[in-house]
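Coordinates in review
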Amino acid sequence: MTGDTTQVWLWEFFNPERLWALLVLPVLVIAYILLLRLKRNRGMRYTQTGIVGAVLPRQSQWRRHVSVAMALCSLAAITGAWARPAGTEQVPRERATVVLVLDLSQSMQATDIDPTRLDASKQAAKDFIAQLPASYNIALVALSGNSRVLAQPTNDRGMINRYIDALTLEDGTHIGDALMAALDAIAHAPGEPGEDPAPGMVIMLSDGSNTGGEVSPEQAAANAREQGVVVNTIAFGTLNGYVDLDGQRYNVAPDTEALQQIAAATGGAAVDAKSASQLNNAYDQMRSDVTYEDVKKEVTARWALYALAFAFVASLGAVSMAARWP
């Protein structure tokens, strides 16, 4: 559904100017109150109330009030339907540029994930790519002390897989620089002539804390937010993971808080993965976020259904009074 929407109260409408018809509701309410008072005043003229009660059938006041209220609600819902209300629906995304940022730091040699964190992340990344739509462009960024774009956006899955297979351990974890490299890859993604660029998103997998770089993770996340790029993060590894370097043992628990802050700053999701199966589940969640988008769609039929329900209740009340049900 195309067209701009305007939010009125808690709802959005494609034609909010038509809501002027709701002004008739307070007029009807006032008229109803005045008629009730007029009827009450007329009733007070009769002194022999017992005789009147025997002649005229008694009607349930609450039944009358409910019927009128439901009729007014039905009128309000019909007016809302006339204004073409907008709802949100998830639809498959036709085009996208997805940048995978994979951590290559020395901590990725930890064996708390079988066989190693790096090997498990490489296999999970290839499985994730295999299930993305063929029209999507995929890019690959190395996260290390020399963060850089390894593969520019392409729909050549075989080439991306070869780059993933060739990944090896490197020194350092410059998260901000890696995110900036991902934004650069999105900016250079190929597009169709005459069409807007495909939406870009980043999936960053890391198991460590930032160790430096030219750009801080906070600034890089702010740049991503300004460009409308969502960054989803995966904190990979267990709290007890360790590596032996230069004769010393180091704990390499993932920095979940830092990754959560990056995701939150860009409107993305942050997931923890402490095993290969959990990593696959994390990628499944990411795939749902990547392959579907929220689209505003007219939901007039839903509001018409509300109006029908209100009208049905009002009709029951009217029939009940007319038939003199007990």
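Refer to the preceding data block for the structure.
What comes next concerns the included structure. (Residues numbered from 1 in each chain as written. Predicted model: local features only at pLDDT ≥ 70, side-chain atom pairs only at ≥ 80, totals over all residues. Heavy atoms only, no water.)

So, on to the side chain of Thr97. Here Thr97 lies in strand 4 (residues 97-103). The class of Thr97 is buried, set by a relative accessible area of 1%. Sequence-distant contacts of Thr97, that is, excluding residues within four places in its chain, are made with Asn137, Pro153, Ile186, Ala189, Ala198, Pro199, Gly200 and Met201. (Helix = DSSP H or I, 4+ residues; strand = E, 2+ residues; numbered from the N terminus. Buried < 20%, exposed > 50% of the residue type's maximum accessible area, 1.4 Å probe, protein only. Contact = heavy atoms within 4.5 Å.)

Our focus in this paragraph is the nonpolar core. Val98, Phe128, Ile203, Ile234 and Tyr283 are the most contacted members of the largest nonpolar core, which has 34 residues in total. If you list the elements that add at least two residues to this core, you get strand 4, helix 4 (117-130), strand 5 (137-143), helix 5 (157-165), strand 7 (200-206), strand 8 (230-236), strand 11 (270-273) and helix 9 (276-291). Here this core gets six residues from one element, more than from any other, and that element is helix 4. Not counting chain neighbours up to four residues away, the residues in contact with Phe128 comprise Val98, Leu100, Ile203, Tyr283, Met286 and Arg287. Of all hydrophobic cores here, the second largest spans 23 residues; its members include Leu143, Ala178, Ala182 and Val231. (Core = buried A, V, L, I, M, F, W, Y, C linked by side-chain atoms within 4.5 Å.)

This brings us to the pattern of salt bridges. All told, the structure shown has seven salt bridges when counted by the stated rule. Linking Arg148 and Glu170 is a salt bridge whose minimum nitrogen-to-oxygen distance equals 2.7 Å. Here Arg148, found in strand 6 (residues 148-154), pairs with Glu170, found in the loop between helix 5 and helix 6 (175-187); they are 22 residues apart in sequence, far enough to count as distant. You can call Arg148 partly exposed: its relative accessible area is 28%. For Glu170, a relative accessible area of 18% gives the class buried. Note that Arg249 is salt-bridged to Asp244, the shortest N-O span being 2.9 Å. Owing to a relative accessible area of 55%, Arg249 belongs among the exposed residues under this scheme. For Asp244, a relative accessible area of 44% gives the class partly exposed. (Salt bridge = Lys/Arg side-chain N within 4 Å of Asp/Glu carboxyl O.)

Bringing the environment of Glu94 into the picture now. As for its placement among the helices and strands, Glu94 is situated in the loop between strand 3 (85-92) and strand 4. In this structure, the C-alpha to C-alpha distance between Glu94 and Pro199, residues 105 residues apart in sequence, is 9.9 Å. Each residue touching Glu94, except ones within four places of it in the same chain, is listed here: Ser135 and Tyr136.

Take unusual backbone geometry next. The omega torsion across Asp114 and Pro115 is -5 degrees, close enough to zero to call that bond cis. Its place among the elements puts Pro115 in the loop between strand 4 and helix 4. The phi dihedral of Arg84 falls on the positive side, at around 55 degrees, and the residue is not glycine. Structurally, Arg84 can be placed in the loop between helix 3 (61-82) and strand 3. A positive phi angle, near 55 degrees, is found at Asp246, a position not held by glycine. Within the secondary structure layout, Asp246 lies in the loop between strand 9 (242-245) and strand 10 (248-251). On the basis of relative accessibility, which here comes to 80%, the residue Asp246 falls in the exposed class.

Let us now look at the sheet that holds strand 8. The mixed open sheet is built from six strands, whose spatial order is 6-5-4-7-8-11. Single-partner strands in this sheet number two, and they are strand 6 and strand 11. When strand polarity is set aside, the average angle formed by the axes of neighbouring strands in this sheet is 15 degrees. Bridge count for strand 4 against strand 5 is seven bridges, and the pairing is parallel. Its bridge partner being in strand 5, Val99 is matched across the sheet by Ala139. Across the sheet, helix 5 lies against strand 5 and strand 6, angled at about 165 degrees from strand 6, the strand it touches most. (Pairing = 2+ DSSP bridges. Axes fitted to C-alpha atoms, helices over the stretch in contact; angles between N-to-C directions.)

The next subject is the pairing of strand 10. Direction of pairing for strand 9 relative to strand 10: antiparallel, over a ladder of four bridges. Residue pairing in the sheet places Val243 in a bridge with Tyr250 of strand 10. Here strand 9 folds back onto strand 10, and the loop between the two strands holds two residues, one of which, Asp246, carries a positive phi near 55 degrees.

A contiguous nonpolar surface patch, about 490 Å² in accessible area, is contributed by Trp62, Val66, Phe312, Val313 and Leu316. Taken together, the elements giving at least two residues each to the nonpolar patch come down to helix 3 and helix 10 (300-323). When residues in the nonpolar patch are grouped by element, the largest group, three residues, is from helix 10. Mapped onto the fold, Trp62 is located in helix 3. For Trp62, a relative accessible area of 56% puts it in the exposed group. (Patch = residues over 30% accessible without salt bridge, like charges linked within 9 Å, V, L, I, M, F, W, Y side chains within 5 Å. Areas by Shrake-Rupley, 256 points an atom, 1.4 Å probe, with all protein chains shown as cover.)

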